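# Descriptive analysis of the structure
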Amino acid sequence: QVQLVESGGGLVQPGGSLRLSCAASGSIFRIHVIGWYRQAPGKQRELVARLMSGGTTNYADSVKGRFTISRDNAENTVYLQMNSLKPEDTAVYYCNAAIASTISVVSAYWGQGTQVTVSS
């Protein structure tokens, strides 16, 4: 079974930086898509960034130019480098992936989330 584990969250002051990591483990044949969502207090969960297996990326307009998603294929790990953080970036960040456990079976997986708090 596939498991996603996030790390790297914490408390940071406005303008600071954090780097989130998401490590996928288990029965992995291929990761088709992997990325990050976030959910702020009282708000709906939203897509932050995603990375396709071919290298294409998508970012929410609110984070373009500040966040960068990347992947270490050898370790099945995806990163989210967050710079110039703002209070409105405060949220629980979740790793999400569409992963094939076999050549023909694809499922969506979610991590448990990591808290990011941007406050002075």
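For the structure given in this document, a descriptive report is provided here. (Residues numbered from 1 in each chain as written. Predicted model: local features only at pLDDT ≥ 70, side-chain atom pairs only at ≥ 80, totals over all residues. Heavy atoms only, no water.)

Excluding glycine, a negative phi dihedral is what most residues carry, and trans is how most peptide bonds are arranged. Notably, S84 is not glycine yet its phi reads approximately 50°, a positive angle. Within the fold, S84 resides in the loop between β8 (77-82) and β9 (91-100). (Helix = DSSP H or I, 4+ residues; strand = E, 2+ residues; numbered from the N terminus.)

In this structure, W110 sits in strand β10 (residues 106-110). Among the residues examined, W110 registers a relative accessible area of 39% and is labelled partly exposed. Note: C-alpha distance between W110 and G15 (95 residues apart in sequence) is 28 Å. Residues in contact with W110, not counting those within four places in the same chain, are L4, Y37, R45, Y94, C95 and N96. (Buried < 20%, exposed > 50% of the residue type's maximum accessible area, 1.4 Å probe, protein only. Contact = heavy atoms within 4.5 Å.)

In this structure, R66 sits in the loop between β6 (57-59) and β7 (67-72). Residue classification places R66 among the buried residues on the basis of a relative accessible area of 11%. At a separation of 2.8 Å, a polar atom in the side chain of R66 contacts the side chain of D89. When near neighbours in sequence (up to four residues on either side) are disregarded, R66 contacts Q81, M82, N83, S84, L85, K86 and D89. (Polar contact = N/O pair within 3.5 Å; in protein donor to acceptor, adjacent residues only side chain to side chain.)

Turning our attention to the state of the cysteines. On inspection of all chains with the given rule, the structure shows 1 disulfide. A disulfide bridge connects C22 with C95, and the sulfur atoms are separated by 2.0 Å. On the sign convention where negative is left-handed, the bridge of C22 and C95, at about -85° about the S-S bond, is left-handed. Highlighted residues: C22 in strand β3 (residues 18-25) and C95 in strand β9, separated in sequence by 73 residues. C95 matches C22 in its accessibility class, with the two residues each being buried. (Disulfide = S-S within 2.5 Å.)

Take it as geometry only, folks, not as evidence of what the structure does.
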